[in-house]
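Listed below are the residues making up each chain.
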Amino acid sequence: MATVLPLSSHDVQYDNAKFRRRSFFKVITQAALTSNVRRNCGSCGMGKLLALLMIAGLTFLTVAHTNPGISVTSQIVKHIGGKDGEKLITEGDRHVELWKKLWRKPPRIPPRLHPHEKVRNSSLGVEVRNQQQISEWAVKQTKVAEAFRHAWTGYKKYAMGYDELMPLSKRGVDGLGGLGATIVDSLDTAMIMGLNDIVEEAGSWIDKSLPERLNEKGQVNLFETTIRVLGGLLSAYSLSGGDNETTVDWGSRTVFHGPSPAVYLERAVDLADRLMSAFTSSPTAVPFSDVVLRERSAHPAPDGLSSTSEVSSLQLELWYLSKLSGDPKYGKAAMQVLEHFKTLPKLEGLVPIYISPNSGHFVGDNIRLGSRGDSYYEYLIKVWLQQQGVDHEGGHVSYLREMYDEAMKGVKHRLVQKSIPRGLVFVGELPSGEHGGFYPKMDHLVCFLPGTLALGATRGLSKQRAMEEGLMTIEDLENLKLAEDLLTTCYEMYAVTTTGLAPEIAHFHTKEFYEGGSQGGNASSEFLDDIIIRHADHHNLLRPETVESLFVLHRITQDSKYREWGWQIFQAFESHTKVDSGGYSSLNDVTVLPPSRRDKMETFFLGETLKYLYLLFGDSNVLPLDRFVFNTEAHPLPISRKGIENVHTFQTEVA
């Protein structure tokens, strides 16, 4: 609604009442009543009196003409042209037309507006349309929250306290060490959605049951436990008001039920103290992969190797824990891993997917951005963003930005190709490193890359703002364009299948590679011959990477197509993976209808997939990307505003 400004002494007084419809009789009487005749009849001149008499006479003639009971002068008929059909006009008709013209009602014109109102009303239509769009996406956001509640209800009913729900057999399973991973992974999602009852349920379990689990449980994976459980605890602490830097600017002022924020930090410190044995037990800066929690001990994996992505994706969480607790040991141990990586040889910034904690060197030649390689590249830019905010010079962690930039150049030079015949841009692999051939295989996991490229290009700002502030280089613009192209490919991996859900892995038709009969099943897709889906790769695990990038790209570009794509993906999840009794299931085959189901609901469906969809449909002021960085399990952690000089000696800044 346009705002009406108060009128000043210089403004024109606009009376909109004059544009109401009034009868002829009302016109005459109102004129008489409001004229000087009413106020001073004695001064009425002869001219005014004659004018009133003339009006009365003309009115009588008009009425008389339209009344058959009144005699009028005989009509004189004249012929006016015409051959086939002559038009006859009478003198009486002429009089009628004349009086109709004289006494017809004036056209209704819009009211004159105050000049400031004109400016504000010019955009009123746009504002109304925008409000309608906002309402539309708010409704869709509510649908996502309902899906989260349905997933949580199934977990709570059949698997509370277990790591994951098996929705078909209606029971729980511990596949991540028995720390109630779904509970901790889901907590900040419930906070973001404002589902206070679920926050209270999850928080109460963490308060009362998690300490016992930490004391009793055995082996866990360092990486999975850090990103899911430690990351979830730290995010819950931040969003619930524990960190003063985040309580005022994450987009919600909800007062959450459940334990005090200090409980989440206490559990995080307890867990991290046990995980630190992975670092202290290793002879190098590279930590062991497995930790025995109750013994506070660690050992390497059976093959003696650690995944590159796993040891290089612990820094966001442990650095933030040091910042909160005041104990630098967590951040110091984690950052030493990346400092060590800086010294290792690389192929145009690209690294193999395995590393030995015993020697500290990479093992093998396999280079890919899918499993075991993905989040190494993600954390290079995110750790840089976390510790330096929008300071593009990078300070003491500038080497991370340099490593990221070099790696993205290597990706474009070595790994990016286009499919045929339709030219989808994709990221392939080098299974044998520099001296082997290119392999056109792309895991769904690689769909994290569009979002990472966009973050690196704009520092989490919108493209418009980054351009206005002069932060984007030509290379940044190229990386953002690559992000958009890759995200199109990720979306088409969904759209090409019969179910509308992506396979775990896709191959791409190139000049050197093609396999017939391995299509997605959606005959209406124009990319049916570009995307190859092998039978072993038909499954879908409810993964979040594509919707993660949709969320980031929408925030940065404001292109509504990313929301539309996200809504289509959400609807496909609802249609094919929802289990009536509660929860959602993975699928065995996305290319057939109805798809057969796998008896598993991964924790990241609640912790990541539904969270990113909810944020995609919501306001950009909730968890803005220039103030928060999401870890690789979608737990938002605040970006430092201090530009700390040395991560090893910083001081605590706790609420």
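Counting restarts for each chain: residues are numbered from 1 in the order of the written sequence. Local features in this predicted model are restricted to residues of pLDDT 70 or higher, and side-chain atom pairs are both shown and tallied only at a pLDDT of 80 or more, whereas totals for entire chains, interfaces and linings draw on every residue. Computation of side-chain values: all heavy atoms of the structure, hydrogens and water removed.

- The name given to the protein in an unreviewed UniProt entry is alpha-1,2-Mannosidase, with Wollemia nobilis as the source organism.
- The Pathway (unreviewed entry) comment attached to the protein in UniProt states, word for word, "Protein modification; protein glycosylation." UniProt positions are given in the numbering used here, feature names are shortened, and annotations may be inferred rather than shown by experiment.

1. A few points about helix H18 (residues 398-415)
Thought 1: Only DSSP runs of H or I reaching four residues or more are called helices, and only runs of E reaching two or more are called strands; each is numbered from the N terminus. Given a helix with a known number of residues, its expected span is that number minus one, times 1.5 Å. Counted at 1.5 Å a residue, the expected span for H18 with its 18 residues is 26 Å, and the 25 Å between its end C-alpha atoms agrees.
Thought 2: The classification of residues rests on relative accessible area computed with a 1.4 Å probe and restricted to protein chains. Under 20% of the type maximum is buried, over 50% is exposed, and intermediate values are partly exposed. Of the positions making up H18, those classed as buried are Tyr399, Leu400, Arg401, Met403, Tyr404, Ala407, Met408, Gly410, Val411 and Leu415.

2. Topic: unusual backbone geometry
Thought 1: Across the junction of isoleucine 420 and proline 421, the peptide omega takes the value 10°, indicating a cis bond.
Thought 2: Among the structural elements, proline 421 can be located in the loop between strand S11 (416-418) and strand S12 (425-427).
Thought 3: The residue after leucine 593, namely proline 594, is reached through a cis peptide bond having omega -15°.
Thought 4: In this structure, proline 594 sits in the loop between strand S16 (586-587) and strand S17 (597-598).
Thought 5: Located in the positive-phi region is glutamate 348, a residue other than glycine, with phi close to 50°.
Thought 6: The residue glutamate 348 is located in the loop between helix H16 (329-343) and strand S9 (354-355) in this model.
Thought 7: Residue glutamate 348 is classed as partly exposed on the basis of its relative accessible area of 26%.
Thought 8: With a phi angle near 60°, arginine 459 is a residue other than glycine that sits in the positive phi range.

3. A short note on the UniProt feature "binding site: Ca(2+)" (unreviewed entry) in the protein
Thought 1: Per the UniProt record, the feature "binding site: Ca(2+)" (unreviewed entry) sits at Thr632.
Thought 2: Along the chain, threonine 632 turns up in the loop between strand S18 (628-630) and strand S19 (636-638).
Thought 3: A relative accessible area of 17% places threonine 632 in the buried class.
Thought 4: Contacts of threonine 632, omitting those with residues within four sequence positions, involve Phe223, Ile227, Ser375, Glu378, Tyr379 and Glu608.
Thought 5: Side-chain atoms alone can form a polar contact between residues adjacent in sequence; in general such a contact is a pair of N or O atoms within 3.5 Å, and within protein one must be able to donate a hydrogen while the other accepts it. A distance of 2.9 Å separates a polar atom in the side chain of threonine 632 from a polar atom in the side chain of glutamate 378. The contact definition used throughout considers only heavy atoms, calling two residues in contact when any of these lie within 4.5 Å.

4. A look at the sheet that holds strand S7 (residues 297-299)
Thought 1: The rule for pairing is simple: two strands pair if DSSP sees at least two bridges between them. If you walk across this open sheet you meet the three strands as S5-S6-S7, and the pairing is antiparallel. For this open sheet the edge positions go to strand S5 (219-221) and S7, each flanked by a neighbour on one side alone. Across the sheet, the mean angle separating the axes of adjacent strands is 30° when strand polarity is ignored. Between N-to-C directions, angles span 0 to 180 degrees; the directions come from axes that are lines fitted to C-alpha atoms, helices contributing only their stretch in contact.

5. As for the sheet that holds strand S10 (residues 362-363)
Thought 1: With antiparallel pairing, three strands are arranged side by side in an open sheet as S8-S9-S10. Edge positions in the sheet fall to strand S8 (306-307) and S10, since each has one partner strand and no second.
Thought 2: Sheet topology note: the S8/S9 ladder contains two bridges and is antiparallel. Bridged to serine 307 within S9 is tyrosine 354.

6. Regarding the UniProt feature "active site" (unreviewed entry) in the protein
Thought 1: As annotated by UniProt and renumbered to match this structure, "active site" (unreviewed entry) occupies Glu224, Asp374, Glu504 and Glu545.
Thought 2: Note on placement: glutamate 224 falls in helix H10 (residues 222-239).
Thought 3: When near neighbours in sequence (up to four residues on either side) are disregarded, glutamate 224 contacts Leu176 and Val229.
Thought 4: Tracing the backbone through its elements, the reader meets glutamate 504 in the loop between helix H21 (474-495) and strand S14 (505-508).
Thought 5: Apart from residues lying up to four places away in sequence, glutamate 504 is in contact with Asp443, His444, Asp537, His539, Leu541 and Arg543.

7. With respect to the state of the cysteines
Thought 1: Sulfur atoms of two cysteines make up a disulfide when they are within 2.5 Å. Across all of its chains, the model carries one disulfide by this definition.
Thought 2: For cysteine 447, the disulfide goes to cysteine 490, at an S-S distance of 2.1 Å. Its S-S torsion of approximately -105° makes the covalent link between cysteine 447 and cysteine 490 left-handed. Of this pair, cysteine 447 sits in the loop between strand S13 (441-443) and helix H19 (449-458) while cysteine 490 sits in helix H21, and the two are 43 residues apart along the sequence. As far as burial versus exposure is concerned, cysteine 447 and cysteine 490 are alike and both buried.

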